[in-house]
Amino acid sequence: MRLRYSYRLYPTPGQQQALARAFGCARVVFNDGLRARQEARAAGLPYITDAELSARLTAAKATPERAWLSDVSAVVLQQALADLNAAYRNFFASLKGERKGPAIGPPRFRSRKDLRQAIRFTANARFKIPPGGKLRLPKVGDVPVRWSRPLPGDPSSVTVIKDSAGRYFASFVIETEPGALPQTGPTTGIDLGLKHFAVLSDGRKIASPRFLRRAEKNLKRRQRDLSRKEKGSRNREKARVKVARAHARVADARRDFHHQLSMALIRENQAVAVEDLAVRGLARTRLAKSVHDAGWSRFVAMLEYKARLYGRTFIRIGRFEPTSRTCSACGIKDGPKPLHVREWTCPACGTWLDRDINAAVNVAKAAGLAVTACGAQVRPGFALAQRSEAGTLPGAT
Ligand SMILES: [Zn+2]
């Protein structure tokens, strides 16, 4: 399977200029290709094939108007076309209903004002990590890297990204063979919630860590500052950069937390079960949905691929009945339980039920897992995994 490993880059001013040129050239190639296809379509001509687009790029480089494209690695330009082709394929598949998830629109023009600029080098672009540990990029140079964790193999490609906060990253793709962890006994059901990030069927409740809550608070303050600044003023631009940085920090902190928690859960359990988020989404308010859904689905995606990577079982259950109404001890369905009802006693069997733990136990039961603790029990504490074990899916950075 393919895993992504991201590291911070610290290009020199000269390298930043070379990268800016490469971002610009890749953008022009992408936009030229998109425009050519749009014009062909408007003129009633057939779809321009990938090969034809590639040939046009080669021809364009020989013209005075586009000669400067030769200043950057040819692979970067070909990869920009590959991005365009992939965007079209996804769009067509979405039109035909061959893709799950939300509908995908046609490719859009890239802009120098986009919040994220990216270029990709493949192995045949001869990017290298020479002794000394810098990243050698063709026509850019040896860029300093902060190796926050070891790179566990030979990467097949590297994407160089500049984010809205002006930071640079290298995201390597590595093909790895899954290595199973030793078998273990426990299994767990997980309820993802608003009050706690996750509640486990053994009674443990996991809150977002303090470093994440602090970063979120900081982001809110920066956004408030920004909204008070006069439009078009220099101070507003400064505040905008601060908001972008705070945003990036929240995203980083959240990703770290997701990696640590998913790794700990996978290491500890032979099987994990979660509710299908698409199903549970119906029950929540729009605000909660917008804030939390993206984070939850990224976390669940991590659980899923780590389970595959380490030889564990991952089960996603669809919800056919509201898990909050069913007593996890005797299975009887009680009346509706509004959100403010946090705990109750089952009228049939007399078990005291905690709303979240009860739901987690029901998830585990629906997945056919053996449940190890009764619904009312609360166990404190949770050991989080080391950051070095974290890996990310393509696109999850
Ligand atoms: Zn009961």
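Above this text is the structure in question.
Let me begin by describing the structure that accompanies this report. Here the structure is a predicted model, which is why all the values come from computation and not from measurement. Position numbers for residues start from 1 in each chain and track the written sequence from start to end. Given that the model is predicted, a residue must reach a pLDDT of at least 70 before its local features are reported, and side-chain atom pairs must reach 80 or more before they are shown or counted; all residues, however, enter totals for whole chains, interfaces and linings. The side-chain quantities take in all heavy atoms of the structure and omit both hydrogens and water.

## Re the overall build of the protein
So, point 1. Within the protein, the secondary structure is distributed over 8 helices and 14 strands.
So, point 2. Partly exposed residues are those whose accessible area sits between 20% and 50% of the maximum for their type, while under 20% is buried and over 50% is exposed, using a 1.4 Å probe and protein chains only. Residue burial in the protein is summarised as follows: out of 397 residues, 43% are buried.
So, point 3. Contacts: residue pairs with any heavy atoms within 4.5 Å of one another. At a minimum sequence separation of 6, the contacts of the protein that also span at least 24 residues come to 69%.
So, point 4. Using the Shrake-Rupley algorithm and a 1.4 Å probe, accessible areas are obtained, with residue cover drawn only from the displayed protein chains. Carbon and sulfur atoms provide 53% of the accessible area of the protein, an area that totals close to 21,300 Å². Note on conventions: DSSP H or I runs of at least 4 residues are helices, E runs of at least 2 residues are strands, and numbering of each starts at the N terminus.

## A look at the coordination of the zinc ion
So, point 1. Donor atoms are limited to N, O and S found within 2.8 Å of the metal ion, a distance that becomes 3.2 Å for Na, K and Ca. With water left out, some sites might look partial. The protein atoms that coordinate the zinc ion are Cys327 (SG), Cys330 (SG), Cys346 (SG) and Cys349 (SG), at distances of 2.3 Å.
So, point 2. The coordination sphere of the zinc ion comprises 4 donor atoms, whose angles at the metal cover 108 to 111°; the geometry is tetrahedral.
So, point 3. Spacing between the donor residues of the zinc ion along their common chain follows C-x2-C-x15-C-x2-C. In this pair, cysteine 330 is assigned in the loop between strand S12 (313–317) and strand S13 (343–345) and cysteine 346 in the loop between S13 and strand S14 (352–354), connecting sequence segments 16 residues apart.
So, point 4. By relative accessible area, cysteine 330 is classed as partly exposed at 38%. Every angle between 85 and 135 degrees makes a four-donor site tetrahedral, while opposite donors more than 155 degrees apart, with all other angles between 65 and 115, make a four-donor site square planar and a six-donor site octahedral; other sites are irregular.

## Remarks on the packing of aromatic side chains
So, point 1. Two rings belonging to Phe, Tyr or Trp (six-membered ring only in the last case) form a pair when the distance between their centres is within 6.5 Å. Interplanar angles under 30 degrees mark stacking, angles over 60 mark edge-to-face geometry, and anything in between is tilted. Using the criterion set out here, one finds 10 aromatic pairs in the structure.
So, point 2. Chaining the aromatic ring pairs together yields one cluster made of Tyr7, Phe127, Trp147 and Phe172.
So, point 3. Between arginine 37 and the ring centre of tyrosine 88, over which it is positioned, the NZ or CZ distance is 5.0 Å. Each ring is checked for a lysine NZ or an arginine CZ that lies within 6 Å of its centre and within 35 degrees of its normal; such an atom marks a charge sitting over the ring.

## Re the sheet that holds strand S5 (residues 145–146)
So, point 1. Taken in spatial order, the 5 strands make up an open sheet running S2-S6-S7-S1-S5, and their pairing is antiparallel. Unpaired on one side and paired on the other, strand S2 (117–122) and S5 mark the two borders of the sheet.
So, point 2. For two strands to be treated as a pair, DSSP must find at least two bridges joining them. Both strand S1 (residues 2–9) and S5 contribute to a ladder of 2 bridges, which runs antiparallel. Counted as the bridge partner of leucine 9 is valine 145 from S5.

## Details of the pattern of salt bridges
So, point 1. Any carboxyl oxygen of Asp or Glu within 4 Å of a side-chain nitrogen of Lys or Arg constitutes a salt bridge here. All chains considered together, the criterion is met by 20 salt bridges.
So, point 2. Residue arginine 167 is joined to aspartate 163 by a salt bridge in which the shortest nitrogen-to-oxygen separation is 2.9 Å.
So, point 3. Take arginine 167: its relative accessible area is 13%, and that puts it in the buried class.
So, point 4. The shortest N-O distance in the salt bridge between glutamate 216 and arginine 254 comes to 2.9 Å.

## Focus: the packing of helix H1 (residues 13–42) against helix H2 (residues 50–61)
So, point 1. Here an angle of 0 to 180 degrees is reported between the N-to-C directions of two axes, which are lines fitted to C-alpha atoms, with helices fitted over the stretch in contact. Remark: H1 packs on H2, axes separated minimally by 11 Å, with the N-to-C direction vectors making an angle of 125°. What the angle tells us is that H1 and H2 run oblique. Here H1 runs over H2; the crossing is right-handed. Contact with H1, carried on its side by Val29, Gly33, Ala36 and Arg37, involves Asp50, Leu53, Arg56 and Leu57 of H2 and no other residues of that element.
So, point 2. Throughout, the ten residues Ala, Val, Leu, Ile, Met, Phe, Trp, Tyr, Cys and Pro are labelled nonpolar, Asp, Glu, Lys and Arg are labelled charged, and all others, Gly among them, are labelled polar. Tallied by class, the residues present in the contact of H1 with H2 amount to 4 nonpolar, 1 polar and 3 charged. Roughly parallel means an angle under 35 degrees; roughly antiparallel means over 145; roughly perpendicular covers 65 to 115; every other angle is labelled oblique. In this scheme the crossing of two helices becomes right-handed for a clockwise turn of the near helix relative to the far one and left-handed for an anticlockwise turn of less than a right angle.

## Description of the sheet that holds strand S10 (residues 205–206)
In any sheet, the strands associate via hydrogen bonds between backbone groups, in a parallel or an antiparallel arrangement.
So, point 1. If you trace the 5 strands from one edge of the open sheet to the other, you get S10-S9-S8-S11-S12, paired in mixed fashion. Sheet topology places S10 and S12 at the edges, where each strand pairs with a single neighbour.
So, point 2. Bridge analysis of strand S8 (residues 187–192) against strand S9 (residues 198–200) gives 3 bridges, and the strand direction is antiparallel. Paired with leucine 192 across the bridge in S9 is alanine 198.

## A short note on unusual backbone geometry
So, point 1. The phi dihedral of lysine 139 falls on the positive side, at around 65°, and the residue is not glycine.
So, point 2. Tracing the sequence through the fold places lysine 139 in the loop between strand S3 (135–137) and strand S4 (141–143).

## A few points about a positive patch on the surface
So, point 1. Residues Arg210, Arg213, Arg214, Lys217, Lys220, Arg221 and Arg224 make up a contiguous surface patch of positive charge.
So, point 2. Mapped onto the elements of the fold, arginine 213 is located in helix H4 (residues 210–228). Patch building starts from residues that exceed 30% relative accessible area and form no salt bridge, then joins like charges within 9 Å and nonpolar side chains (Val, Leu, Ile, Met, Phe, Trp, Tyr) within 5 Å. When charges are counted, Lys and Arg contribute as positive and Asp and Glu as negative, whereas His and the chain ends are disregarded. Working definition for charges: the position is that of NZ of Lys, CZ of Arg, CG of Asp or CD of Glu.

## Here we look at the pairing of strand S7 (residues 168–175)
So, point 1. Of all 8 residues in S7, 7 are buried; the element is thus mostly enclosed.
So, point 2. Bridge analysis of S1 against S7 gives 8 bridges, and the strand direction is antiparallel. Directly across from arginine 8, in S7, lies its bridge partner phenylalanine 169.
So, point 3. As judged from the 6 bridges shared by strand S6 (residues 157–162) and S7, these two strands associate in the antiparallel manner. Bridging across to S7, threonine 159 finds its partner in serine 171.
So, point 4. Hairpin connection from S6 to S7: 5 residues lie between these consecutive antiparallel strands, with glycine 166 at a positive phi of about 80°.

## Remarks on the side chain of threonine 159
So, point 1. On the secondary structure map, threonine 159 appears in strand S6.
So, point 2. Setting aside anything within four residues of it in sequence, one finds threonine 159 in contact with Arg4, Ala118, Ile119, Arg120, Phe169, Ala170 and Ser171.

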